[in-house]
Amino acid sequence: MNRLHSALLALLLPLAGLAALWGWTHYRAGQGTEWQVPVQGYDPRDLLRGHYITFRYDWPGLEAGADLTFQPDLCIEGTAPVIRRVQARAAFDGPPPRTGCRQFVRRSDRFGLDQGILYVPQDKAAGLEEKLRDPRLQGMVTIRVRDDGHITPLRMDFRPRSEPLAGPASTP
Amino acid sequence: MSDRKLKAWEQAGLIDAATAARIRAWESAHARPLGLWAVIGIAALAIGLGLVSVVAANWDAIPGLARLAIHFALIAGLAVWLGWRGAAVAQAHAWWLEAGLFVLGMLGLTFMGHLGQVYQTSSPLWQPVALWLVLFAPLLLGRGLGWLTAAMVMLAAVFAAWNFAFDLGDRRPEPAQPWLTLRLALAVAAPALFAGLAARMGAASPRAAFWRRLEQMALAYALGGASLCAIASQSGPWYHEADGDYVLLGTAVIGLVGLVTAGVMRTAAQDRGGYMAAALMAGAAITPIIAFFLSGSETVAALLFMTLWAGVAGAALLAGWRGVFQLAVAVIALRLIVLSFELAGDLLTSGAGLIASGVMILAVAWGALRIARRFAPEQGEAA
């Protein structure tokens, strides 16, 4: 009887664990505030291109080309979903600013704050990349930011630029 | 079974006519309709591929929640089948149960990736794999029958450990910290613990084959790690490097985990093979520490490597593991050849040098073959 119990428990554990993981992921996915961030294309030679698209955030208020590799977090100012500007702190400057900043974003485990990844259907990826390279269009990624600063990119859309980029489009 | 061979053996006097007739009768009674099976297999493959491509083509059209629900239902269905029929299946067709467990494990692993895809989440790979281990290891360890499930557990553990270590290393703040080193060393050493668990559990288990496989794999992991340590010790000396203290701490922790495992294996050992496996684990455990203090010389590193494998050969000789003995001799011979190139690389730039090194390779290979054939123990049961 005891053996039977432990065999049943061993079978139930993965089911319960996966179900709990699903529920938790579902719950967490609904948390947070949505913001819109301008983005540009990242690396068109990505080998796994087609199932996801990688991009570079153009945080408003930071000078172009600012190195965010070791930036732990950024403070967002503005009214959701429009970001007025973000402010960077010195790297490794203690815990996230829980006071004095109403909404901050924190670097994820896999990516710094300068790039992100969005899973897209295979047949849409090529079109999105085409648009990202178009100098007349500005890519915007809607991100959901949880209270702990975790970023989840949700979708990407495009708006016409007020002044198109000079010269042929290039990706860094 | 070819009739031509039977006739040839009969004519050569190896078997008599009655035996040949009995073999023919047995073969025809046990013949499997291979042609029919092949046709059924091709049909099943076509249907399966068709299903996969239909699902794949419409993947994006299926709502994420529906996909996850179907995926979860598959897992639940398989789990119910295993719970309900598993014991009976294990009696009749052990491999079906093994395959069922493997498929269940894979479905569970892919479910986590599927969650990430639907909810656009991403995390370092070791996190889902480690969670998968927590959820599935009790089932696989409790029901597994052979190498397939054993390899699944072991690979997941090794992958999670190394991915964790690399991930930690990537985000390492300078300078190194003792706590970080400790976590790294514990993670990398952890898969070897399965050898101790397997030795203990296998002693009185009806699934001895499974536990023996797991023990072999964990021991192979430890020996592989020790070999890498020995090879890497030609750089250095490690104790002169800036973070030498941390390297020492790491090797000491790894050595300690290995020695504890060896102790567990030693107490659980029931025969000479068990004692030798424990001794090998102890050897693998102290190799990194020795490598630390002897690091900095190509020759010493090669000697350390060859000593380790000479130990493997010796243990195999005593325990009667023929294949392991031959492998160890081959590894030592290879290392000797590589060492000769490392020590006298300029030999390759002259004709006479090329001839000399060629002759030496032949001599080492010949010697290794002789030793492997002559001294190898008779075919026995491996660890």
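Residues numbered from 1 in each chain as written. Chains lettered and ligands numbered in written order. Predicted model: local features only at pLDDT ≥ 70, side-chain atom pairs only at ≥ 80, totals over all residues. Heavy atoms only, no water.

Caption draft 1: Local environment of the overall build of chain A. From N to C terminus, chain A includes two helices and eight strands. Along the chain direction, N to C, the helices and strands of chain A fall in the order α-β-β-β-β-β-β-α-β-β. Burial analysis of chain A (172 residues in total) assigns 39% to the buried set. On chain A, roughly 10,200 Å² of surface is accessible, and the fraction owed to carbon and sulfur atoms is 54%. (Helix = DSSP H or I, 4+ residues; strand = E, 2+ residues; numbered from the N terminus. Buried < 20%, exposed > 50% of the residue type's maximum accessible area, 1.4 Å probe, protein only. Areas by Shrake-Rupley, 256 points an atom, 1.4 Å probe, with all protein chains shown as cover.)

Caption draft 2: Representation of a nonpolar patch on the surface within the structure. All names here are of chain B. A cluster of nonpolar side chains, Tyr239, Leu248, Leu259, Ile286, Ile290, Phe293 and Leu294, forms an exposed patch at the surface whose accessible area comes to about 580 Å². Of all the secondary-structure elements, those providing two or more residues to the nonpolar patch are α11 (244-268) and α12 (272-294). Sorting elements by how many residues they give to the nonpolar patch places α12 first, with four residues. Judged by its relative accessible area of 48%, phenylalanine 293 is partly exposed. (Patch = residues over 30% accessible without salt bridge, like charges linked within 9 Å, V, L, I, M, F, W, Y side chains within 5 Å. Salt bridge = Lys/Arg side-chain N within 4 Å of Asp/Glu carboxyl O.)

Caption draft 3: View of the side chain of B:Arg207. All names here are of chain B. Within the secondary structure, arginine 207 sits in the loop between α9 (193-202) and α10 (208-232). With no salt bridge to any partner, buried arginine 207 finds its closest opposite charge in glutamate 98, at an N-O distance of 7.5 Å. Contacts of arginine 207, omitting those with residues within four sequence positions, involve Leu141, Gly142, Arg143, Gly144 and Leu145. (Lys, Arg positive; Asp, Glu negative; His and termini not counted. Contact = heavy atoms within 4.5 Å.)

Caption draft 4: Structural context of the interface of chain A and chain B. Counting from both sides, the interface comprises 24 residues of chain A and, opposite them, 31 residues of chain B. Between chain A and chain B, a total of about 2,500 Å² is buried, with carbon and sulfur atoms accounting for 75% of that surface. When the area that chain A buries against chain B is broken down by residue, the three leading residues are A:Leu11, A:Leu18 and A:Trp22, summing to 28%. Here chain A and chain B share two residue pairs in polar contact (both at pLDDT 80 or more) between them. Of all the secondary structure elements, the ones that give two or more residues to the side of chain A that touches chain B are α1 (2-29), β6 (115-119), α2 (122-133) and β8 (151-160) of chain A. In terms of residues, the side of chain A that touches chain B owes the most to one element, α1(A), which gives 14 residues. Within the side of chain A that touches chain B, the residues separate by chemical class into 16 nonpolar, five polar and three charged. (Buried area = accessible area lost by both parts, 1.4 Å probe. Polar contact = N/O pair within 3.5 Å; in protein donor to acceptor, adjacent residues only side chain to side chain. Nonpolar A, V, L, I, M, F, W, Y, C, P; charged D, E, K, R; others polar.)

Caption draft 5: Molecular detail of the packing of aromatic side chains. Applying the stated criterion across every chain, the model contains 14 aromatic pairs over all chains. Where B:Trp132 meets B:Phe136, the ring centres are 5.4 Å apart and the plane angle is 15°; that geometry is what we call stacked. Residue B:Trp132 and its partner B:Phe136 are located together in helix α6 (residues 126-143), separated by four residues, close to a single helical turn. Taken individually, B:Trp132 and B:Phe136 each receive the classification buried, so the pair is uniform in this respect. Relative to B:Trp309, the ring of B:Phe305 lies with its centre 6.5 Å away and its plane at 40°, an arrangement referred to as tilted. You can see B:Phe305 and its partner B:Trp309 sitting in helix α13 (residues 298-319), four residues apart, about one turn around the helix. Take B:Phe305: its relative accessible area is 7%, and that puts it in the buried class. Here the aromatic residues A:Trp22, B:Phe72 and B:Phe111 are joined through ring pairs into a cluster of three or more. It is B:Arg335 that lies over the ring of B:Phe305; its NZ or CZ is 5.8 Å from the centre. (Phe/Tyr/Trp six-rings, centres within 6.5 Å; stacked < 30°, edge-to-face > 60°. Lys NZ or Arg CZ within 6 Å of the ring centre and 35° of its normal.)

Caption draft 6: Quick peek at the pairing of strand β1 (residues 33-41) of chain A. All names here are of chain A. In the sheet, β1 pairs with strand β7 (residues 137-145) via seven bridges, with the strands oriented antiparallel. Note on β7: the bridge partner recorded for valine 37 is valine 141. As judged from the three bridges shared by β1 and strand β2 (residues 52-57), these two strands associate in the antiparallel manner. When the sheet's bridge partners are listed, glutamine 40 is paired in β2 with arginine 56. (Pairing = 2+ DSSP bridges.)

Caption draft 7: Local environment of the environment of B:Trp147. Residue and element names in this part refer to chain B. Of note, tryptophan 147 is situated in helix α7 (residues 147-170). Considered as a pair, tryptophan 147 and phenylalanine 210 are 63 residues apart in the sequence and their alpha carbons are 6.3 Å apart. Once residues lying within four places of it in the same chain are set aside, the contact partners of tryptophan 147 are Trp95, Glu98, Arg213 and Met217.

Caption draft 8: Examining the packing of α9(B) against α10(B) more closely. Residue and element names in this part refer to chain B. Close contact between α9 and α10 brings their axes to 8 Å; oriented N to C, the two are set at 155°. Judged on the interaxial angle alone, α10 and α9 are roughly antiparallel. As for the relative orientation of α9 and α10, their crossing is left-handed in sense. Across the interface between the two elements, Phe194, Ala195, Leu197, Ala198, Ala199, Met201 and Gly202 of α9 pack against Ala208, Trp211, Leu214, Glu215, Ala218 and Leu219 of α10. (Axes fitted to C-alpha atoms, helices over the stretch in contact; angles between N-to-C directions. Parallel < 35°, antiparallel > 145°, perpendicular 65-115°, else oblique. Left-handed = near helix turned anticlockwise from the far one by under 90°.)

Caption draft 9: Region of the structure containing the pairing of β7(A). Residue and element names in this part refer to chain A. β7 sits mainly inside the fold: eight of its nine residues count as buried. As paired elements, β7 and β8 share nine bridges and run antiparallel to each other. When the bridges of β8 are listed, glycine 139 appears paired with phenylalanine 158. Between β7 and β8, which follow one another and run antiparallel, lie five residues, and glycine 149 among them has a positive phi close to 90°.

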